[in-house]
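In case you want the letters, here they are:
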Amino acid sequence: MRELTHIARNSVEWREAPDPKLRSDQEAIIAPVAATSCDVDTAILAGHGFLDPPFALGHECVARVIETGDAVTAAAPGDLVVVPWSINCGTCGHCRTGLTAHCTSVPHMAMYGAPIGGGWGGLFSDLVHVPYADAMLVPLPAALDPVAMASASDNWSLSWRLVAPHLKARPGARVLVVARGSIGLYVCDIARALGACDILYVDPDAEHRKLAETFGARTAEAIEPIRHGFDLAVEATGRVDQLALAVKSLAPEGICESAGNHFRPGALPLLDMYLTGVTLRIARDNVRAHIPDALDLAASGTVAPERVVSHVLDWEQLPDALPEKHLKPVFVRDTPRPHTDRPIALRDHAHRDI
C-alpha cells in the first residue's frame with residue numbers, strides 16, 4: 001500500500017509501506033474514503049512544527065471498514081466509520097473517564113499523522129491499522145455525507161467541545177472567535193446553532209470572514225481587546241499575541257478555549273487574567289468522547305459543516321494539492337452519497353475536481 005509522507009517543507013510524496021495486518025481479534029483494517037487536513041497540518045507542512053520529516057501525514061477521515069477481528073462488534077466490513085485522531089484503548093482509567101488523548105495503554109500522545117507517541121501511520125494512507133476497533137471506530141450515520149464529515153475525527157468534534165458545554169451552562173453567551181482556519185468557522189456555525197446571542201469572528205482572511213457571516217457572525221479583520229466584551233473566547237491561531245487578545249476580551253469569570261498549536265513561546269497578561277478571574281484551557285482534545293454528540297448535531301439540520309469544505313479533490317491529487325493553501329480540502333475515493341433528502345451543498349467557490 002501507499003502512505004502520504006511528509007518529506008520536507010511543503011513537500012509530500014507517496015511512499016510504499018507494508019499492508020497492515022490484524023494482530024489480534026480486537027483490531028480492524030480500514031480504508032479512508034474522505035480524508036482532510038487538520039488546521040495544524042498547514043503549520044507542519046510549512047515547517048513550524050517540532051517534528052523532523054519524514055513521517056506519514058493525516059489524522060482526519062471517514063473510512064470504510066475492510067477487515068475486523070473476531071471480537072469486534074462496533075463495526076463490520078463495508079461500514080463507514082469516523083476514525084478519531086488519537087489512539088485509545090477504551091478500557092484504561094483515563095479512557096473510562098473520557099481522557100482518550102491520554103490513554104495509558106499506548107505511549108503518551110500516540111496518534112495518527114505524527115510520530116509523537118510511536119509510529120501509527122497516517123490517515124492519508126490507502127489502508128490503516130486500528131488497534132482498538134470497538135473503542136475507536138464510530139459508525140457514520142447514514143444521513144451524513146462523508147465529505148462534509150471528513151473532519152469529525154478532530155476539528156469538527158473539537159469545535160463542538162469548544163463551545164457546546166459552555167453554551168449549555170451559559171445560555172445565550174457572547175462568543176469571540178479568533179482564528180485562521182476551519183476550527184473557527186465550525187465554532188461560529190455551532191455557536192449560532194446552540195444559541196449564542198453574539199458571535200464576533202476575527203480573521204485577516206476576507207473569504208473566511210465572508211463565510212463566517214453566513215453563520216450569523218459579526219466579523220473583523222483585526223481588533224484591539226474589548227474589555228469585558230465576551231463570556232467565551234475561542235483562540236485557534238497558534239499565536240500567543242492572539243491568545244492574549246482573547247483572554248483580555250473576557251468578561252469577569254469568562255472562559256477561554258485555546259485550540260491553537262503554540263509552537264512558539266510568548267507572554268500572557270497573567271495579572272489581567274487574575275483580576276478578571278478567567279479560566280483558560282489549552283489542550284489537545286479528547287475527541288473520541290465527543291464524536292457521537294458532534295455527529296448528532298451535524299445530523300440535526302441546524303448546522304452546515306459542508307460549507308467549510310473548500311475543495312473536493314481526487315485521492316490521487318494528494319501529493320500535489322495538499323501543500324497548497326486551501327482552507328479545508330477533502331480528498332475522496334469511492335465515496336457514497338448519504339441516504340437523505342437533505343441537499344448537500346458545498347460553498348459556491350468549492351472545487352469538485354473528481
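Please refer to the structure placed before this passage.
Residue indices follow the written sequence of each chain, beginning from 1 at its first position. Side-chain atom pairs in this predicted model are given and counted only at pLDDT of 80 or more, local residue features only at pLDDT of at least 70, and totals for whole chains, interfaces and linings cover all residues. For side-chain calculations, the full set of non-hydrogen atoms in the structure is used, while hydrogens and water are omitted.

**Notes on the environment of Ile-226**
Step number 1: As for its placement among the helices and strands, Ile-226 is situated in the loop between β11 (218-220) and β12 (230-236).
Step number 2: Spatially, the C-alpha atoms of Ile-226 and Thr-214 are 23 Å apart, while their sequence positions differ by 12 residues.
Step number 3: Two residues qualify as a contact provided that any one of their heavy atoms is within 4.5 Å of a heavy atom in the partner residue. Residues contacting Ile-226, with those up to four places away along its chain left out, are Leu-200, Lys-248 and Ser-249. The numbering of helices and of strands both runs from the N terminus, where a helix is a DSSP run of H or I of at least 4 residues and a strand a run of E of at least 2.

**Remarks on the packing of aromatic side chains**
Step number 1: Here a Phe, Tyr or Trp ring, Trp counted by its six-membered ring, pairs with any other such ring whose centre lies within 6.5 Å, and the pair is stacked when the planes are under 30 degrees apart, edge-to-face when over 60, and tilted otherwise. For the structure shown, the criterion picks out three aromatic pairs.
Step number 2: For the pair Trp-14 and Trp-315, a centre-to-centre distance of 6.2 Å together with 35° between the ring planes defines the contact as tilted. Highlighted residues: Trp-14 in strand β2 (residues 11-16) and Trp-315 in the loop between β15 (311-314) and α10 (318-321), separated in sequence by 301 residues.
Step number 3: Trp-315 sits in the buried class, given a relative accessible area of 2%.
Step number 4: Relative to Tyr-186, the ring of Trp-156 has its centre 5.3 Å away and its plane inclined at 85°; by these criteria the two rings are edge-to-face. Partly exposed residues are those whose accessible area sits between 20% and 50% of the maximum for their type, while under 20% is buried and over 50% is exposed, using a 1.4 Å probe and protein chains only.

**Digging into the packing of helix α4 (residues 155-169) against helix α9 (residues 291-299)**
Step number 1: Note on definitions: angles span 0 to 180 degrees between N-to-C directions of axes, and those axes are lines fitted to C-alpha atoms, for helices only across the stretch in contact. Taken N-terminus to C-terminus, the directions of α4 and α9 make an angle of 95°; their axes are 9 Å apart at the nearest point. As far as their axial angle goes, α9 and α4 are roughly perpendicular. Where α4 abuts α9, its residues Trp-156, Ser-157 and Trp-160 lie against Ile-291, Asp-293, Ala-294, Leu-295, Leu-297 and Ala-298.
Step number 2: A per-class count over the contact of α4 with α9 returns seven nonpolar, one polar and one charged. These descriptions rest on fixed angle ranges, namely under 35 degrees for roughly parallel, over 145 for roughly antiparallel, 65 to 115 for roughly perpendicular, and the rest for oblique. Basically, the charged four are Asp, Glu, Lys and Arg, the nonpolar ten are Ala, Val, Leu, Ile, Met, Phe, Trp, Tyr, Cys and Pro, and anything else, Gly included, counts as polar.

**Some thoughts on the side chain of Glu-27**
Step number 1: You can see Glu-27 is positioned in the loop between β2 and β3 (28-36).
Step number 2: Buried within the structure, Glu-27 lacks any salt-bridge partner; its nearest side chain of opposite charge belongs to Arg-23, at an N-O separation of 4.4 Å.
Step number 3: Only 2.5 Å separates the side chain of Glu-27 from the backbone nitrogen of Arg-23, close enough to count as a polar contact.
Step number 4: Setting aside its immediate chain neighbours within four residues, Glu-27 contacts Lys-21, Leu-22, Glu-67, Thr-68, Gly-69, Val-72, His-129, Val-130, Pro-131 and Ala-133. We treat Lys and Arg as the positive residues and Asp and Glu as the negative residues; His and chain ends play no part in the count. Criterion for a salt bridge: a side-chain nitrogen of Lys or Arg within 4 Å of a carboxyl oxygen of Asp or Glu. Distance and chemistry together define a polar contact, namely a pair of N or O atoms within 3.5 Å, with one atom able to donate a hydrogen and the other to accept it when in protein, and with adjacent residues in sequence counting only for side-chain atoms on both sides.

**Describing the pairing of strand β5 (residues 61-68)**
Step number 1: For two strands to pair, DSSP has to find at least two bridges joining them. Of the strand pairs in this sheet, β3 and β5 are connected by seven bridges, and their pairing is antiparallel. What sits directly across from Ala-28, in β5, is Thr-68.
Step number 2: Here β5 pairs with strand β6 (residues 80-82) via three bridges, running antiparallel. For Arg-64, the partnering residue across the bridge sits in β6 and is Leu-80.

**So, helix α7 (residues 240-248)**
Step number 1: Taking burial as the measure, the nine residues of α7 include seven buried ones, the bulk of the element.
Step number 2: Residues of α7 that are buried: Val-240, Gln-242, Leu-243, Ala-244, Leu-245, Ala-246 and Val-247.
Step number 3: Here the buried face of α7 lies against β9 (174-179), β12, β13 (250-258), α8 (270-276) and β14 (279-282).

**Observations concerning the layout of surface pockets**
Step number 1: Both site types are read off a 1 Å grid over the protein atoms alone. A 1.4 Å probe that fits but cannot get out defines a cavity, while an open set with protein on both sides within 12 Å along at least five of seven lines defines a pocket; lining residues have an atom within 4 Å of a point. Grid points are joined across faces, edges and corners, and a volume is the space filled by probe spheres set on the points. Put simply, the second largest pocket is a space of about 250 Å³.
Step number 2: Class assignment of the residues belonging to the lining of the second largest pocket gives a composition of seven nonpolar, five polar and three charged.

**Looking at empty space enclosed by the protein**
Step number 1: Under the criterion given, the structure shown has two cavities of 30 Å³ or more.
Step number 2: Volume-wise, the second largest cavity comes out at about 40 Å³.
Step number 3: Ser-86, Ile-87, Thr-100, Ala-101, His-102, Cys-103, Val-106, Pro-107, His-108, Met-109 and Ala-110 are the residues that line the second largest cavity.
Step number 4: Taken together, the residues of the lining of the second largest cavity sort by class into seven nonpolar, four polar and no charged.

**Some remarks on α9**
Step number 1: If you check which residues of α9 are buried, you get Ile-291, Ala-294, Leu-295, Leu-297 and Ala-298. Considered in projection along α9, the buried side chains sweep an arc of 160° and stay on one side of the axis.
Step number 2: Close packing links the buried residues of α9 with β6, β8 (138-139), α4 and α5 (182-193).
Step number 3: Following α9 by one or two positions, Gly-301 has its phi on the positive side, about 85°. It is the directions from the helix axis to the C-beta atoms that the arc portrays.

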